[in-house]
Amino acid sequence: MPNCKTIAICNQKGGVGKTTTAVNLGVGLAMQGKKVLLVDADPQGDLTTCLGWKDTDNLQNTISDKMMEVIQGKEGNQYNGILKHKEGVDLLPSSSDLFDFEISLVTAMNREVLLKSYLSEVKDRYDFILIDCSPSLGMMTLNSLSAADSVVIPVQAHYLPAKCMTQLLRTISKVKRCINPDLAIDGILLTIVDNRTNLAKSTVEALRQNFGSHIKIYKSQIPMAVKAAEVASKGESIFAYEPNSPVSKAYSEFTKEVLADGKQKERLHSAHIR
């Protein structure tokens, strides 16, 4: 599909809902009729585990295998190893092998664009590719940002996760300047929001004041909920596990925002061409 969009879901701070967002945005898009590939670019393999593949170290093909094939110039079935999930999304899984592979990338040729090279061979089948980034700013995150058209930044409505934004934006700016000039930031998604607390409210307001003038902050906010934590062990999305929950409704609204942004950009692009 020529209009496939690749989105990196990125924040070097752990525990801000990156994997949860990748799963539920991916399934939300699939529910809207889109063909979606989820990419687990984290050596911890949380996305792979959350989708039901618990024994990640015994998977035959993972992201590190595919990137190694690019390094070695091997030709073969690029879709071999992509897993099918019951809720209509595909998955390029990860395993702990990615820890060692990421270290080996230091001496590899074109090390920042290996993931981009692989995804360019499979993206014709998809409308969206969502990359669940590692909670760091290491080589795999650089690969993810190099492969992406845009970035969604989940931010927990607490002070410290929000404080890390400046460092992340600096990294994105550097990738844009040196490797991927077309990289854009789609927006900031507020996650694990507890609007009962003054801390959450003040953090949301600080984010709007500091970044809202030049980065979109999605209207959708993902609320804090026990169900959102429970679903990580169930191998399914919040839509399947608790379809009427506030978290499910919030991710449904977020999915609609992502699709609406895409349509708006297509209209602007068409107008520019005309």
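A.B. asks: Which residues make up the nonpolar core, and what values do they have?
C.D. replies: Core analysis: the biggest nonpolar cluster contains 47 residues, and Leu37, Val39, Ile63, Leu119, Ile131 and Ile153 have the highest contact counts within it. Sorting elements by how many residues they give to this core places helix 8 (residues 165-178) first, with 5 residues. For isoleucine 153, the residues in contact, after removing those within four places along its chain, are Cys10, Asn11, Met165, Leu168, Leu169, Ile172, Ile185, Gly187, Ile188 and Leu189. In this structure, Leu47, Leu51, Val152 and Ala228 belong to the second largest nonpolar core, which totals 32 residues.

A.B. asks: Would you mind going over the layout of surface pockets in detail, with residue names and values included?
C.D. replies: In this structure, the second largest pocket encloses a volume near 420 Å³. For the second largest pocket, the lining is made up of 24 residues, of which Gly15, Val16, Gly17, Lys18 and Thr20 are closest to its centre. At the level of secondary structure, the elements contributing two or more residues to the lining of the second largest pocket comprise helix 1 (18-31), helix 2 (46-50), strand 5 (128-133), strand 7 (184-193), strand 8 (217-223) and helix 10 (226-230). No other element matches helix 1, which puts 3 residues into the lining of the second largest pocket. For the lining of the second largest pocket, the residue count by class is 13 nonpolar, 7 polar and 4 charged.

A.B. asks: So, the packing of helix 6 (residues 139-147) against helix 8: which residues are in play, and what are the values?
C.D. replies: When two helices pack together, their arrangement is given by the angle between their axes and by how far apart the axes lie. Across the interface, helix 6 lies against helix 8 with an axial gap of 10 Å and an inter-helix angle of 55°. In terms of orientation, helix 6 lies oblique with respect to helix 8. Read as a crossing pair, helix 6 and helix 8 show a hand that is right-handed. Of helix 8, the residues touching helix 6 (which contributes Leu142, Leu145 and Ser146) are Thr171, Ile172 and Val175. Considering only residue class, the contact of helix 6 with helix 8 consists of 4 nonpolar, 2 polar and no charged.

A.B. asks: Now, about helix 8: what can you tell me, with residues and values included?
C.D. replies: The end-to-end C-alpha distance of helix 8, which contains 14 residues, comes to 20 Å, matching closely the 20 Å that a straight helix rising 1.5 Å per residue would cover. Among all positions of helix 8, only Met165, Leu168, Leu169, Thr171, Ile172 and Val175 are buried. The buried residues of helix 8 occupy an angular sector of 160° when projected down its axis, which confines them to one face. Exposed positions of helix 8 whose direction lies more than 90 degrees from the buried face are Arg170, Lys174, Arg177 and Cys178.

A.B. asks: For a negative patch on the surface, give the residues involved together with the corresponding values.
C.D. replies: Side chains of Asp55, Asp57, Asp97 and Asp100 sit close together on the surface and give a patch of like negative charge. In this structure, aspartate 100 sits in helix 4 (residues 97-104).

A.B. asks: I'd love a proper account of empty space enclosed by the protein, names of residues and values included.
C.D. replies: Empty space among the atoms can be located by rolling a probe the size of a water molecule over them. Going through the model one piece at a time under the given rule, you end up with 1 cavity of 30 Å³ or more. In this structure, the largest cavity encloses a volume near 60 Å³. Lining the largest cavity, in full, are Thr20, Val23, Asn24, Cys50, Val231, Ala232 and Glu236. If you tally residues by element for the lining of the largest cavity, the top one is helix 1, at 3 residues. Here the lining of the largest cavity is built from residues that sort into 4 nonpolar, 2 polar and 1 charged.

A.B. asks: How would you sum up the pattern of salt bridges? Please name residues and give values.
C.D. replies: According to the stated counting rule, one finds 8 salt bridges in the structure shown. Between lysine 5 and aspartate 186 there is a salt bridge; the shortest N-O distance is 2.9 Å. Here aspartate 186 lies in strand 7 and lysine 5 lies in strand 1 (residues 5-9), a separation of 181 residues in the sequence. Across the pair, exposure class does not vary: lysine 5 and aspartate 186 are buried alike. Among the ionic pairs, lysine 256 bridges to glutamate 253, the shortest N-O distance being 3.5 Å. Highlighted residues: lysine 256 and glutamate 253, both in helix 12 (residues 246-273), separated by 3 residues, approximately one helical turn. By relative accessible area, which is 44% here, lysine 256 ends up partly exposed. The network of salt bridges with common partners includes Lys216, Glu257 and Asp261.

Definitions and limits used
- Within each chain, residue numbers correspond to sequence positions counted from 1 in written order.
- Residues qualify for local features only when their pLDDT is at least 70, as the model is predicted, and side-chain atom pairs are given and counted only at 80 or more; totals for whole chains, interfaces and linings, by contrast, use all residues.
- Remark: hydrogens and water are excluded; side-chain values derive from all non-hydrogen atoms of the structure.
- What makes a nonpolar core is a set of buried Ala, Val, Leu, Ile, Met, Phe, Trp, Tyr and Cys residues whose side-chain atoms join them at distances within 4.5 Å.
- Exposure classes here rest on a 1.4 Å probe applied to the protein chains alone. A residue is buried below 20% of its type maximum, exposed above 50%, and partly exposed in between.
- Working definition: helices are DSSP H or I runs of at least four residues, strands are E runs of at least two. Numbering for both runs from the N terminus.
- Only heavy atoms matter for contacts: two residues are in contact if any of them lie within 4.5 Å across the pair.
- Buried and open spaces are told apart on a 1 Å grid over the protein atoms alone, a cavity being a set of points where a 1.4 Å probe fits but cannot get out and a pocket being an open set with protein on both sides within 12 Å along at least five of seven lines. Residues with an atom within 4 Å of a point are the lining residues.
- Grid points are joined across faces, edges and corners, and a volume is the space filled by probe spheres set on the points.
- Classification used: nonpolar for Ala, Val, Leu, Ile, Met, Phe, Trp, Tyr, Cys and Pro, charged for Asp, Glu, Lys and Arg, polar for all others including Gly.
- Interaxial angle, 0 to 180 degrees, is taken between N-to-C directions of lines fitted to C-alpha atoms, where a helix line uses only the stretch in contact.
- Angle categories are assigned with fixed cut-offs, so that under 35 degrees is roughly parallel, over 145 is roughly antiparallel, 65 to 115 is roughly perpendicular, and the rest are oblique.
- Handedness of each helix crossing follows the sense of rotation of the near helix against the far helix: counterclockwise by less than a right angle gives left-handed, clockwise gives right-handed.
- Take the residue count of a helix, subtract one, and multiply by 1.5 Å to get its expected span.
- This arc is taken over the directions from the axis of the helix to the C-beta atoms.
- Patch membership requires over 30% relative accessible area and the absence of a salt bridge. Like charges are linked within 9 Å, and nonpolar side chains (Val, Leu, Ile, Met, Phe, Trp, Tyr) within 5 Å.
- For the area figures, the Shrake-Rupley method with a 1.4 Å probe applies, and any residue is considered shielded solely by the protein chains shown.
- Salt-bridge detection follows one rule: a side-chain nitrogen of Lys or Arg within 4 Å of a carboxyl oxygen of Asp or Glu.
- When charges are counted, neither His nor the chain ends are considered; positive counts come from Lys and Arg and negative counts from Asp and Glu.
- All charge positions are set by atom: Lys at NZ, Arg at CZ, Asp at CG, Glu at CD.

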